[in-house]
Amino acid sequence: MHGRTSAAAAEAKAMPAEKSRPDKHDAITRAASETFLAEGFDRASLDQIAQRAGVSKQTIYSHFADKQALFLAICTELTEKLTIPLRRPRSETGDLRAILLRLGEDALAMMLHPASLDLHRLIVGAAARFPELGQAAYDTGAGRMITDLAALLEERSRSGDGLSRPLTAGEPVMLAEQFIGMLRGFHQVRGLLGIAAVPSAERKSYVAACVDLLLRAA
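None of these values were measured; they are calculated from a predicted model.

Draft legend 1. Representation of the pattern of salt bridges in the model. Tallying each qualifying case throughout the model produces eight salt bridges. Notably, a salt bridge pairs Glu-39 with Arg-43, separated by 3.8 Å at the nearest N-O pair. Here the residue Glu-39 and the residue Arg-43 both occupy positions in helix 2 (residues 22-43), the gap between them amounting to four residues, near one helical turn. Of the residues examined, Arg-43 reaches a relative accessible area of 59% and is grouped as exposed. Its salt-bridge partner being Arg-121, residue Asp-118 comes within 2.9 Å of it at the nearest N-O pair. With Asp-118 and Arg-121 both in helix 7 (residues 114-127), this residue pair falls three residues apart, about one helical turn. When its relative accessible area of 32% is taken as the criterion, Asp-118 is described as partly exposed.

Structural data, given as structure tokens:
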């Protein structure tokens, strides 16, 4: 009994050190990402994640309060990683059409990335139980894209660069939402259903058509 107590005390003392080790944290989040994407929230267990990460379940608890906290952290992290290429509009310089073409191609490629499609399925399946997850995913993904694109359109409309007229209040956000919605179109639906994506040349032409439609509308 004394041996067990001593072991528990030693493990408790080790927890702060474990928590401070980024390699452990990275191993846990990487293993959790793989497990949640493969199994879904309900079927994934902390035992599976611990085994895949090569750590004890207690080590996971030293980093995350419970499975739900780990799940929320992983989904937010994956969303942020996938949307890195899209976080540039405010600082972009150059021709507006060229900026929109690049943004559109990056955004559509991100939407159709296998990890993005898996994450989308995972979040949609869990959002009813965890509404904060749906909100977090929207804020770091589509919401962020819309905010940044709206700011870019408003700025360019004031300078007369690429847009034929100044935009009125509310128009930048509306146009940004319409543009992101056009990009998504049925491409993402087909991807979610496992239907092969159209060839990249066709996707590029589609993005160009969306950009030209946006610029004509503005």
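Back to the text.
Draft legend 2. Highlighting helix 6 (residues 96-112). Helix length check: helix 6, at 17 residues, gives a terminal C-alpha distance of 24 Å against a target of 24 Å (1.5 Å per residue), a fit within 8%. Elements that come into contact with the buried residues of helix 6 comprise helix 5 (67-82), helix 7, helix 9 (142-159), helix 10 (171-184), helix 11 (187-192) and helix 12 (200-217). Sitting at the head of helix 6, Asp-95 places a side-chain oxygen 3.1 Å from the backbone nitrogen of Arg-97.

Draft legend 3. Looking closely at the confidence of the model for the protein chain. Averaged over every residue, the pLDDT of the protein chain is 84; residues scoring 70 or more account for 86%. Taken as a whole, residues 1-20 scores under 50 in pLDDT and shows ten contacts with residues more than four places along the chain or in a different chain.

Draft legend 4. Broad picture of the nonpolar core. The biggest cluster of nonpolar side chains holds 57 residues, and the ones touching the most others in it are Phe-36, Leu-70, Phe-71 and Leu-149. Residues within four places of Phe-71 in sequence aside, it is in contact with Phe-36, Phe-41, Leu-122, Ala-126, Phe-130 and Leu-133.

Draft legend 5. Structural view of the side chain of His-187. Checked against the element boundaries, His-187 lands in helix 11. With residues near it in sequence (within four places) discarded, His-187 still touches Leu-108, Leu-112, Val-198, Arg-203 and Tyr-206.

Cut-offs and rules
- Residues numbered from 1 in each chain as written.
- Predicted model: local features only at pLDDT ≥ 70, side-chain atom pairs only at ≥ 80, totals over all residues.
- Heavy atoms only, no water.
- Salt bridge = Lys/Arg side-chain N within 4 Å of Asp/Glu carboxyl O.
- Helix = DSSP H or I, 4+ residues; strand = E, 2+ residues; numbered from the N terminus.
- Buried < 20%, exposed > 50% of the residue type's maximum accessible area, 1.4 Å probe, protein only.
- Expected span 1.5 Å × (residues − 1).
- Contact = heavy atoms within 4.5 Å.
- Polar contact = N/O pair within 3.5 Å; in protein donor to acceptor, adjacent residues only side chain to side chain.
- pLDDT = per-residue confidence, 0-100.
- Core = buried A, V, L, I, M, F, W, Y, C linked by side-chain atoms within 4.5 Å.

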